[in-house]
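Take a look at the letters that make up each chain.
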Amino acid sequence: MMSKKVRKAVFPAAGLGTRFLPATKVIPKEMLALVDKPILQYGVEEAIASGIEHIILVTGRGKGAMEDHFDLSYELDATLEKKGKRELLALSRGISSMARVSSVRQKEPLGLGHAVLCAKELVGDEPFAVILPDDVIDADPPCLKQMIDVFNEKGGSVLATQTVEGPAISAYGVLAGSQDQKNPRIYNCTGMVEKPKFEEAPSTQAIIGRYILTPRVFALLEHTQPGAVGEIQLTDGIKALLKEEKVFGYTFAGKRFDAGDKFGMLQATVEFALKRPEFGEKFRAYLKGLV
Ligand code: UTP
């Protein structure tokens, strides 16, 4: 039984973001703003609110803006200070003091499994979280916190899932397994099927971008062969892990948005904007006036 605390979160962010071109030609997808915050910051804030102490960014060429965002910005801070803009200064400084942030480069985008493997040395021999920053999740308690509670209770890796009814399930990796007797949100995972046909989907549980994994997965990923498109899939590493350790699915409570996709980002923008006290009502009235 694994008893170590989950202290570190890996953010794979070295992908090319082709679904969001042309916006992502120069700007990392993870730096696109959802209302007024880069989507990456939502994930980092979720991790910190869940008790994570160390953020590990897996980055690639041209993605330095992500590291800069969590660093001090001397010129900006000095100017804000001189102009007496205290609130904005606190906002800027707050981001840089938010958490301990390290980064590692994935030299080629060889797949999500490979990106996670790049964080092996920084994670070391302890359980860790993986957060895909383009999955922005609105949940209270935060999705990762809910998962850490399951990890602490069950002592095995945890994959976040959401229930997807109907043919839309074919767009996801789908969990196979049986529901826990006591907690219907928990599944004892026995397998995973990548993008199955609707008729062949083993369940309604779609695997989304939050994982808690034991460090054993690194050794297994090292031996994972690249799949059809030459990428090392995280799913294949987890499938190998399943043969050795218990893995659980967990239907988190909350709402997920795929902000790496144009339509998903539009939905997230509307819903997050409506929740903002400073202009939510005004925005609602504006939207009502349009339809
Ligand atoms: P996605 O497939 O959603 O990201 O991978 P992508 O490849 O950047 O986007 P599209 O499909 O071309 O629009 C999920 C996450 O895994 C990271 C991505 O940055 C994203 O956060 N990733 C993917 C890596 O870090 N390395 C990879 O080799 C692949």
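Chains are numbered independently. Their residues run from 1 in the order of the written sequence. Only residues with pLDDT of at least 70 get local features here, since the model is predicted, and only at 80 or more are side-chain atom pairs given and counted; chain-wide, interface and lining totals rely on the full set of residues. The side-chain quantities take in all heavy atoms of the structure and omit both hydrogens and water.

### Focus: helix H10 (residues 262-274)
Owing to its 3.6 residues per turn, the α-helix brings residues three or four apart onto one side.
Reasoning step 1: Over its 13 residues, H10 runs 19 Å from end to end, which matches the ideal 18 Å to within 8%, given 1.5 Å per residue.
Reasoning step 2: For the exposure calls, accessible area comes from a 1.4 Å probe over protein chains only, and a residue counts as buried if that area is under 20% of its type's maximum, exposed if over 50%, partly exposed in between. Here a helix means four or more residues in a row that DSSP labels H or I, a strand means two or more in a row labelled E, and each is numbered from the N terminus. Every buried residue of H10 is accounted for by Gly 264, Met 265, Ala 268, Phe 272 and Ala 273. Looking down the long axis of H10, one finds its buried residues gathered within 150° of arc, a one-sided arrangement. Residues of H10 that are exposed and angled more than 90 degrees away from the buried face: Phe 263 and Leu 266.
Reasoning step 3: Two residues qualify as a contact provided that any one of their heavy atoms is within 4.5 Å of a heavy atom in the partner residue. The elements touched by buried residues of H10 are strand E2 (33-34), helix H1 (39-49), strand E7 (135-138), strand E13 (255-258) and helix H11 (280-290).
Reasoning step 4: In the analysis that follows, any N or O atom pair within 3.5 Å is treated as a polar contact, provided that within protein one partner can donate a hydrogen and the other can accept it, and provided that, for residues neighboring in sequence, both atoms belong to side chains. Residue Asp 261 occupies the N-cap position of H10, its side-chain oxygen lying 3.2 Å from the main-chain nitrogen of Phe 263. An expected span of 1.5 Å times one less than the residue number is assigned to each helix. Note: the arc covers the axis-to-C-beta directions of the helix.

### Here's the deal with the pairing of strand E12 (residues 247-251)
Reasoning step 1: Of all five residues in E12, five are buried; the element is thus mostly enclosed.
Reasoning step 2: Neither face of E12 is exposed, since Val 247, Gly 249 and Thr 251 on one face and Phe 248 and Tyr 250 on the opposite face are all buried.
Reasoning step 3: Pairing between two strands requires that DSSP report at least two bridges joining them. Direction of pairing for strand E8 (residues 157-163) relative to E12: parallel, over a ladder of five bridges. By the bridge assignment, Ser 157 is partnered in E12 with Val 247.
Reasoning step 4: Two strands pair when backbone bridges link them, and strand E10 (residues 186-194) and E12 are joined in this way by three bridges, in the antiparallel orientation.

### Some details on the site of the ligand
Reasoning step 1: Summary of the distance rule: residues count as near a molecule or strand when at least one heavy atom falls within 4 Å of that molecule or strand. Surrounding the ligand, one finds 18 residues, the nearest of these being Pro 12, Thr 18, Arg 19, Gln 106 and Gly 111.
Reasoning step 2: Between Leu 16 and the ligand, the recorded distance is 3.1 Å, taken from a backbone N or O atom to an oxygen atom.
Reasoning step 3: Taking Gln 106, its side chain carries an N or O atom lying 2.7 Å from a nitrogen atom of the ligand.

### Focus: the packing of aromatic side chains
Reasoning step 1: Under the pairing criterion, centres of Phe, Tyr and Trp rings, with the six-membered ring standing for Trp, must be within 6.5 Å; the plane angle then separates stacked pairs below 30 degrees from edge-to-face pairs above 60, leaving the rest tilted. Applying the stated criterion across every chain, the model contains four aromatic pairs.
Reasoning step 2: By way of ring pairs, the aromatic residues Tyr 42, Phe 257 and Phe 272 are connected into one cluster.
Reasoning step 3: Placement of a positive charge over a ring is assigned whenever Lys NZ or Arg CZ falls within 6 Å of the ring centre and within 35 degrees of the normal to the ring plane. Taking NZ or CZ as reference, Lys 37 lies 4.6 Å from the ring centre of Tyr 42, over its face.

### Focus on the environment of Thr 18
Reasoning step 1: Turning to its location among the elements, Thr 18 is positioned in the loop between strand E1 (8-12) and E2.
Reasoning step 2: Residue Thr 18 is classed as exposed on the basis of its relative accessible area, which comes to 54%.
Reasoning step 3: The spatial distance from the C-alpha of Thr 18 to the C-alpha of Asp 261 is 9.3 Å, given a sequence separation of 243 residues.

### Digging into the layout of surface pockets
Reasoning step 1: Approximately 1,100 Å³ is the volume attributed to the largest pocket.
Reasoning step 2: Along the walls of the largest pocket sit 36 residues, with Arg 19, Leu 112, Leu 132, Asp 134 and Lys 195 positioned nearest its centre.
Reasoning step 3: The dominant element in the lining of the largest pocket, judged by the number of residues it contributes, is strand E11 (residues 205-213), at four residues.
Reasoning step 4: Grouping the constituent residues of the lining of the largest pocket by class yields 17 nonpolar, nine polar and ten charged.
Reasoning step 5: Reported here for the second largest pocket is a volume of approximately 330 Å³.
Reasoning step 6: Those elements that place two or more of their residues in the lining of the second largest pocket are H1 and E7.
Reasoning step 7: Here the lining of the second largest pocket gets six residues from one element, more than from any other, and that element is H1.
Reasoning step 8: In this classification, Asp, Glu, Lys and Arg are treated as charged, Ala, Val, Leu, Ile, Met, Phe, Trp, Tyr, Cys and Pro as nonpolar, and every other residue, Gly included, as polar. Partitioning the lining of the second largest pocket into residue classes produces twelve nonpolar, one polar and eight charged. Using protein atoms alone on a 1 Å grid, points that fit a 1.4 Å probe yet trap it form a cavity, whereas open point sets bounded by protein on both sides within 12 Å along at least five of seven lines form a pocket; residues with an atom within 4 Å of a point count as lining. Grid points are joined across faces, edges and corners, and a volume is the space filled by probe spheres set on the points.

### With respect to a nonpolar patch on the surface
Reasoning step 1: Patches here are clusters of residues that have more than 30% relative accessible area and form no salt bridge, with a 9 Å joining cutoff for like charges and a 5 Å cutoff for nonpolar side chains (Val, Leu, Ile, Met, Phe, Trp, Tyr). What sets the accessible areas is the Shrake-Rupley method with a 1.4 Å probe; for residues, cover comes only from the shown protein chains. A pairing counts as a salt bridge when a side-chain nitrogen of Lys or Arg comes within 4 Å of a carboxyl oxygen of Asp or Glu. Taken together, the side chains of Tyr 286, Leu 290 and Val 291 define a hydrophobic patch exposed on the protein surface, amounting to about 400 Å² of accessible area.
Reasoning step 2: Within the secondary structure, Leu 290 is located in helix H11.

### Section: the nonpolar core
Reasoning step 1: Core analysis: the largest hydrophobic core is formed by 37 residues, its most contacted members being Phe 11, Ala 47, Ile 52, Leu 144, Met 147 and Ile 212.
Reasoning step 2: Every element with two or more residues in this core is listed here: E1, H1, strand E4 (54-59), strand E6 (128-131), helix H7 (143-154), E8, E11 and E12.
Reasoning step 3: If sequence neighbours within four positions are ignored, Ile 212 has contacts with Val 6, Phe 128, Ala 129, Leu 144, Met 147, Ile 148, Phe 151, Ser 157 and Val 158.
Reasoning step 4: By size, the runner-up hydrophobic cluster in this structure holds 31 residues, among which are Ala 115, Leu 175, Leu 221 and Ile 238. In plain words, nonpolar cores are sets of buried Ala, Val, Leu, Ile, Met, Phe, Trp, Tyr and Cys residues tied together by side-chain atoms within 4.5 Å.

### Structural notes on the pattern of salt bridges
Reasoning step 1: This model, assessed by the stated rule, comprises 23 salt bridges.
Reasoning step 2: Salt-bridge contacts for Asp 135 lead to Arg 256; the nearest nitrogen and oxygen are separated by 3.0 Å. Placement of the pair is Asp 135 in strand E7 and Arg 256 in strand E13, with a sequence separation of 121 residues. Each of the two residues, Asp 135 as well as Arg 256, counts as buried.
Reasoning step 3: In this structure, the salt-bridge partner of Glu 271 is Lys 255, at a minimum N-O distance of 2.9 Å. Of this pair, Glu 271 sits in helix H10 while Lys 255 sits in strand E13; the two residues are 16 residues apart in sequence, bridging distant segments of the chain.
Reasoning step 4: For Glu 271, a relative accessible area of 32% translates into the label partly exposed.
Reasoning step 5: Judged by relative accessible area, Lys 255 falls into the partly exposed class, the value being 40%.
Reasoning step 6: Within this structure, Lys 5, Arg 7, Lys 8, Glu 53 and Glu 126 form a network of salt bridges that share partners.

Honestly, that's just the spatial picture; any functional story needs more than this.
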